[in-house]
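# What the coordinates show
Below, each chain spelled out in residue letters.
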Amino acid sequence: MSLAMPDFASTLRDAVVARGLSLERIRDHLARRGVSISLATLSYWQTGRSRPERRASLAAVTHLEEVLDLEAGALSALLAPASRGSRLQSSISAFWPMPAVIEDVVGGVDTRWDSRLTRISQHDRVTVGPERGERSFVSRQVLRAEEDGPDRWVVILHLDEHDRALPVIRPLHNCRIGRVVTRPSDGLLVAELLFRAPLRRGQTVITEHELVNQAPYPLATNYSRKFRRPVHEYVLEVTFDAVPRTCRRVVQDADGARQSFGVQLDEGGSVLGVALKFGPGCYGFEWTW
C-alpha cells in the first residue's frame, strides 16, 4: 500500500493556504521579527526545490511556525535527515534504537495522519509490581485534528529485553485496535488505535489504551516516552510496589543532549513528572534496585 507521507514542503504549503497569507506578507512578517528571507527562498521551500539547512534558515523556521499559527516544531520536526525516502518514518525512528528496524515495522501500519494530529496532552501511568516487574502501562492522550480525516493513532513499544513476551494491547476508551505489527526478536510492537469516526479539522479526541504484561513479568528498570512532535502537556506517573534504591528523571532533547536528575518517591510509593510544551525529545525515569 502506498501512503501519502507529509513532508516539510507539503506541510508548509498547507499552512500557507490555511493562514491565507501571500508569500510577500509572510516575508514582511518575518522581516518585522528581524528575519530576512527572500521570496524565492520561501517559494522554493513550499515547492520542495530546496529545504532549510543552514543554521540561520533553521532558526527562521521557528519564526515561520509562529507567523503561520502552527504548533512549535510543526515544521522543524520534519527537517530530520531523510532515510529510505521517508522523512516521516525517519523522524519517527529518530529517538529509537535500531532506526532501520523501527522504520521497517512502522511501515506495516498507516502513519499518514501522524503530523496532522496536535498533541494536546499525554498521560502515562506505569505500574511496577512487588516482584519489581513491569505490570502494565496505561496511556491517555488528547489529540486535535489539524485537517479533516485523521482516524487513528499509532502506538510504538520497544522492550529492552528481547527474550520476553510482548505485552497485550487493550483499548480502554474511544478507540479500537486496528492493525498490529510485532517483531518479538527485536522487542517491538506497533499498533493502530482507530477512533470511533474520522475527525474534522479542529475536533479533539480523548483515547485511552493499556499495555499489559503477563507473568513472569520483565524486570522494570526504566520507562520513557519519545515525542517526534511537541506536546503541550506530558504527565508521567510510575507507581512502585517495591521501592527502588535510586530513581532519576531523564530528559533528552532533539539534538541528543541528555540530562538526568535525582528524584524522590512520594509517600504512596510513586514518582511523578510533568513537562509543559515539551518536544521533540524523550522524557522518562530510570531506576536501580
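Look up: the structure comes first, before these words.
From a predicted model like this one, the values you see are computed outputs, not experimental measurements. (Residues numbered from 1 in each chain as written. Predicted model: local features only at pLDDT ≥ 70, side-chain atom pairs only at ≥ 80, totals over all residues. Heavy atoms only, no water.)

A word on the overall build of the protein. The number of helices and strands found in the protein is six helices and 13 strands. Looking at the protein residue by residue over its 289 residues, the buried ones come to 48%. A separation threshold of at least 6 residues defines the contact pool for the protein, and within that pool the share at least 24 residues apart is 73%. Summed over all atoms, the accessible surface of the protein reaches about 14100 Å², with 48% contributed by carbon and sulfur. (Helix = DSSP H or I, 4+ residues; strand = E, 2+ residues; numbered from the N terminus. Buried < 20%, exposed > 50% of the residue type's maximum accessible area, 1.4 Å probe, protein only. Contact = heavy atoms within 4.5 Å. Areas by Shrake-Rupley, 256 points an atom, 1.4 Å probe, with all protein chains shown as cover.)

This part takes up the pairing of strand β1 (residues 117-128). As paired strands, β1 and strand β2 (residues 134-145) are joined by 11 bridges and run antiparallel to one another. In the sheet register, V128 faces β2, and the bridge partner there is E134. Two successive antiparallel strands, β1 and β2, enclose a turn made up of five residues, where R132 displays a positive phi of approximately 70°. Bridge count for β1 against strand β9 (residues 231-240) is nine bridges, and the pairing is parallel. Looking across to β9, one finds that H123 is bridged to V235. (Pairing = 2+ DSSP bridges.)

As for its placement among the helices and strands, V168 is situated in strand β4 (residues 168-173). Taking the C-alpha atoms as reference, V168 lies 9.4 Å from L189; in sequence the two are 21 residues apart. Beyond its immediate stretch of four places on either side in the chain, V168 contacts E210, L211, V212 and Q214.

With respect to topology, six strands assemble into an open sheet ordered β4-β7-β2-β1-β9-β12, the strand pairing being mixed. Sheet topology places β4 and β12 (270-278) at the edges, where each strand pairs with a single neighbour. Recorded for the sheet is a direction-independent mean angle of 15° between the axes of neighbouring strands. One ladder, built from nine bridges, connects β2 with strand β7 (residues 204-212); its direction is antiparallel. (Axes fitted to C-alpha atoms, helices over the stretch in contact; angles between N-to-C directions.)

A complete count under the given rule lists nine aromatic pairs for this structure. Judged by centre distance (5.9 Å) and plane angle (80°), the ring pair of F227 and F278 falls under edge-to-face. Of this pair, F227 sits in strand β8 (residues 222-227) while F278 sits in strand β12, placing them 51 residues apart in sequence. A relative accessible area of 5% places F227 in the buried class. Among the aromatic residues, those joined into a ring-pair cluster are F227, Y234, F278, Y283 and F285. (Phe/Tyr/Trp six-rings, centres within 6.5 Å; stacked < 30°, edge-to-face > 60°.)

Looking now at the nonpolar core. Within the largest apolar cluster, 37 residues are counted, with the highest numbers of intra-cluster contacts made by Y234, L236, V238, F285 and W287. It is β9 that provides the largest number of residues to this core, a total of five residues. For L236, the contacting residues outside a window of four places in its chain are D124, V126, Y223, V271, L272, G273, Y283, G284 and F285. In terms of nonpolar packing, the next biggest core, distinct from the first, is built from 20 residues, F8, L23, W45 and L75 among them. (Core = buried A, V, L, I, M, F, W, Y, C linked by side-chain atoms within 4.5 Å.)

The next point concerns the pattern of salt bridges. Following the criterion strictly, the structure yields 18 salt bridges and no others. Overlapping salt bridges, with partners in common, bring together D151, R152, R179 and E192 in one network. (Salt bridge = Lys/Arg side-chain N within 4 Å of Asp/Glu carboxyl O.)

Below, the discussion takes up the side chain of D151. Summarising the element assignment, D151 is placed in the loop between β2 and β3 (152-158). There is a polar contact of 2.9 Å between the side chain of D151 and the side chain of R152. Setting aside residues up to four positions removed in sequence, D151 forms contacts with W113, L193, L194, F195 and P198. (Polar contact = N/O pair within 3.5 Å; in protein donor to acceptor, adjacent residues only side chain to side chain.)

Of all eight residues making up strand β13 (residues 281-288), six are buried, and the element is well covered by its neighbours. Pairing between β8 and β13: six bridges, direction antiparallel. Each bridged residue has a counterpart across the sheet, and for Y223 the counterpart in β13 is F285. Relative to β13, strand β10 (residues 246-253) runs antiparallel, the two being bridged by eight bridges.

Right, let's get into helix α3 (residues 39-47). Among all positions in α3, only L42, W45 and Q46 are buried. Considered in projection along α3, the buried side chains sweep an arc of 90° and stay on one side of the axis. Downstream of α3 by a residue or two, G48 has a phi angle that is positive, lying close to 85°. (Arc of directions from axis to C-beta.)

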